[in-house]
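What follows is the residue order along each chain.
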Amino acid sequence: EQQALQFIFRMQTTGLVQGLPVRMEVPPERVEALLPPLLTQMSDTGHAVLADKRGLYVGKSGFAHDAAEELAALGADLASVHERHARLLHGHLGLRSDGWGMVGASGTSELGFWPLHFGDDYFILAVGGSPRFNQEAFTTLLWILGVRYGSPT
């Protein structure tokens, strides 16, 4: 327990973890109702899709229904490609990322796909435009998914 507290303290002093003065509770609303406003904040354009690993979208913002379905399927395909080539990407090339993206000629993000792992299971977050993950909405999204879909062990 002491080692865990020291680790948390180091994380707080470096700004990687923020302590809150009050206990926070997971919002009581259904996940499906919470997702659209959270997903809107994941992108500078308000476009995002959250899909399960099989390619079924569970929430969207900014994209039409048909586009969200196709992006969810594309995300599952990219995750499969990534798994097949993990030895090259992580081993031989030493890349430390699991995300995939489409970038414009200037190198700016136009569409990105990020896996969100919860134990052996994962979701795929597709974001149109530039991602905006350094904020409370991203933390809340991960927290809600972790509570709902994560393993208690």
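Each remark here, short or long, concerns the structure printed above.
Here goes a summary of the coordinates provided.

Calculation criteria
Residues numbered from 1 in each chain as written. Predicted model: local features only at pLDDT ≥ 70, side-chain atom pairs only at ≥ 80, totals over all residues. Heavy atoms only, no water. Helix = DSSP H or I, 4+ residues; strand = E, 2+ residues; numbered from the N terminus. Polar contact = N/O pair within 3.5 Å; in protein donor to acceptor, adjacent residues only side chain to side chain. Contact = heavy atoms within 4.5 Å. Patch = residues over 30% accessible without salt bridge, like charges linked within 9 Å, V, L, I, M, F, W, Y side chains within 5 Å. Areas by Shrake-Rupley, 256 points an atom, 1.4 Å probe, with all protein chains shown as cover. Salt bridge = Lys/Arg side-chain N within 4 Å of Asp/Glu carboxyl O. Phe/Tyr/Trp six-rings, centres within 6.5 Å; stacked < 30°, edge-to-face > 60°. Buried < 20%, exposed > 50% of the residue type's maximum accessible area, 1.4 Å probe, protein only. 1 Å grid on protein atoms, 1.4 Å probe; cavity = no way out; pocket = protein on both sides within 12 Å on 5 of 7 lines; lining within 4 Å. Points joined across faces, edges and corners; volume = space filled by probe spheres on them. Nonpolar A, V, L, I, M, F, W, Y, C, P; charged D, E, K, R; others polar. Arc of directions from axis to C-beta.

1. What about the side chain of Asp-52?
Phase 1: Structurally, Asp-52 is set in strand E1 (residues 47–52).
Phase 2: At 2.9 Å, the side chain of Asp-52 and the side chain of Arg-54 are in polar contact.
Phase 3: Ignoring sequence-local partners within four residues, the contact set of Asp-52 consists of Tyr-122, Phe-123 and Ile-124.

2. Examining a nonpolar patch on the surface
Phase 1: Taken together, the side chains of Leu-20, Val-22, Met-24, Trp-143 and Val-147 define a hydrophobic patch exposed on the protein surface, amounting to about 460 Å² of accessible area.
Phase 2: By secondary structure assignment, the location of Met-24 is in the loop between helix H1 (2–13) and helix H2 (31–40).

3. Let's talk about the packing of aromatic side chains
Phase 1: Going through the model one piece at a time under the given rule, you end up with three aromatic pairs.
Phase 2: Seen from their ring centres, Phe-118 and Phe-123 are 6.1 Å apart, and the 80 degrees between their planes marks the pair as edge-to-face. Across the pair, Phe-123 and Phe-118 agree in class, each one buried.
Phase 3: In textbook terms, an aromatic cluster arises when at least three aromatic residues are bridged by ring pairs, as seen for Trp-114, Phe-133 and Phe-138.

4. Quick word on the layout of surface pockets
Phase 1: The calculated volume of the largest pocket comes to roughly 410 Å³.
Phase 2: Forming the walls of the largest pocket are 13 residues, and the residues nearest its centre are Gln-18, Gln-135, Glu-136, Thr-139 and Thr-140.
Phase 3: Estimated volume of the second largest pocket: approximately 170 Å³.
Phase 4: As for the second largest pocket, its lining consists of 13 residues, and the residues nearest its centre are Ala-79, His-82, Asp-98, Pro-115 and His-117.
Phase 5: Secondary structure elements with two or more residues in the lining of the second largest pocket: helix H3 (65–84), strand E4 (109–118) and strand E5 (121–128).
Phase 6: No other element matches the five residues that H3 contributes to the lining of the second largest pocket.
Phase 7: Looking at the lining of the second largest pocket residue by residue, the classes come out as eight nonpolar, three polar and two charged.

5. Regarding H2
Phase 1: If you check which residues of H2 are buried, you get Val-31, Leu-34, Leu-35, Leu-38 and Leu-39. Across the axial projection of H2, the buried residues extend over an arc of 120 degrees, all falling on one side.
Phase 2: In this structure, the buried residues of H2 make contact with E1, strand E2 (57–61), E5 and helix H5 (136–149).

6. Here we look at the environment of Asp-121
Phase 1: By the secondary structure assignment, Asp-121 is in strand E5.
Phase 2: Overall, Asp-121 belongs to the partly exposed group, its relative accessible area being 30%.
Phase 3: Along the backbone, Asp-121 and Phe-63 are 58 residues apart, and their C-alpha atoms lie at a distance of 25 Å.
Phase 4: Beyond its immediate stretch of four places on either side in the chain, Asp-121 contacts Lys-53 and Leu-116.
Phase 5: Reaching out from Asp-121, the side chain makes a polar contact with the side chain of Lys-53 at a distance of 3.4 Å.

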